[in-house]
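Topology and contacts: notes
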Amino acid sequence: LSLALPNELRSRARIVPIGSAAAVVRHLAARYKEDAARPACGFLDGDKGLKKQEHVNLFLKSVEKVADHNEATLWIENRLGVLPGDTWPERWVIQKHGCSSFDKLPDELGVTKEALTEYLEAAKLADKHNELYELSKKLSLPINTIEGRFIKCALEDSAAEVEAICKFIRAFL
């Protein structure tokens, strides 16, 4: 998220990594019950976006006693955003390879285009959420370097998705 936001939004938002979709929903349930002055929203992985009703139901179960069921439902529906793609974020980033912004990576990473393609194929076989870690091992670079470069390239070729994220967050600021 932080790489998708311009500094003007990054400086005004606090991004808190929470974990699973269920953990994000439970965190929002706690925020709802707090009635905090600072607004909150949450983002789910792209593959969780199709299960929004399940997340709404978990939210309602998590808040337990609700004075206005419809108001609580609207609250969570308006605060759940979804990351780009219809899969988990690491897989989405890997799938974006082939877009023009990735063309500069072989030179930046000190590998041939063919070698990078081979490493990406190996990364696709990694366990869920471990694709970029696999790339970091193949490229002998720290995971944060790989995450930053590959995510930035994926976002550069995803203007509409980036704008949707920024618009969603602006609504809370």
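One structure accompanies this document, and this report is about it. (Residues numbered from 1 in each chain as written. Predicted model: local features only at pLDDT ≥ 70, side-chain atom pairs only at ≥ 80, totals over all residues. Heavy atoms only, no water.)

Some thoughts on the overall build of the chain
How we decide: In DSSP terms, a helix is any run of H or I states spanning at least four residues, a strand is any run of E spanning at least two, and both are numbered starting from the N terminus. Note on classification: 1.4 Å probe, protein chains only; a residue is buried when its accessible area is under 20% of the maximum for its type, exposed when over 50%, partly exposed between these limits. Any pair of residues with heavy atoms lying within 4.5 Å of one another is described as a contacting pair. Working definition of accessibility: Shrake-Rupley area with a 1.4 Å probe, residue cover restricted to the visible protein chains.
Regarding its fold elements, the chain presents 10 helices and two strands. Helices (α) and strands (β) of the chain occur, in sequence order from the N terminus, as α-α-β-α-α-β-α-α-α-α-α-α. When the backbone C-alpha atoms are referred to their principal axes, the chain occupies close to 60 × 35 × 25 Å. Among the 173 residues that make up the chain, the fraction classed as buried is 39%. For the chain, the share of sequence-separated contacts (at least 6 apart) that also reach a separation of at least 24 residues comes to 68%. For the chain, the exposed area adds up to about 10,000 Å²; of that, 50% sits on carbon and sulfur atoms.

A short note on the nonpolar core
Threshold: Put simply, a nonpolar core is a bunch of buried Ala, Val, Leu, Ile, Met, Phe, Trp, Tyr and Cys residues held in one set by side-chain atoms that sit within 4.5 Å of each other.
Among the nonpolar cores identified, the biggest contains 29 residues, and Leu116, Leu135, Leu139 and Phe150 are the most heavily contacted of them. Going through the elements one at a time, helix H5 (89-95), helix H6 (105-109), helix H7 (113-124), helix H8 (131-139), helix H9 (143-156) and helix H10 (159-170) are the ones with two or more residues in this core.

Describing the pattern of salt bridges
Note the cut-off: Salt bridges, as used here, are contacts in which a Lys or Arg side-chain nitrogen is within 4 Å of a carboxyl oxygen on Asp or Glu.
Tallying each qualifying case throughout the model produces 10 salt bridges. With a shortest N-O distance of 3.4 Å, arginine 91 and glutamate 131 are connected by a salt bridge. One end of the pair, arginine 91, is in helix H5; the other, glutamate 131, is in helix H8, with 40 residues separating them in the sequence. Across this residue pair, the class does not change: arginine 91 and glutamate 131 are buried. Here glutamate 156 ties to lysine 104 by a salt bridge, and the two come within 3.0 Å at their closest N and O atoms. Highlighted residues: glutamate 156 in helix H9 and lysine 104 in the loop between H5 and H6, separated in sequence by 52 residues.

In short, shape yes, function no, at least from these values alone.
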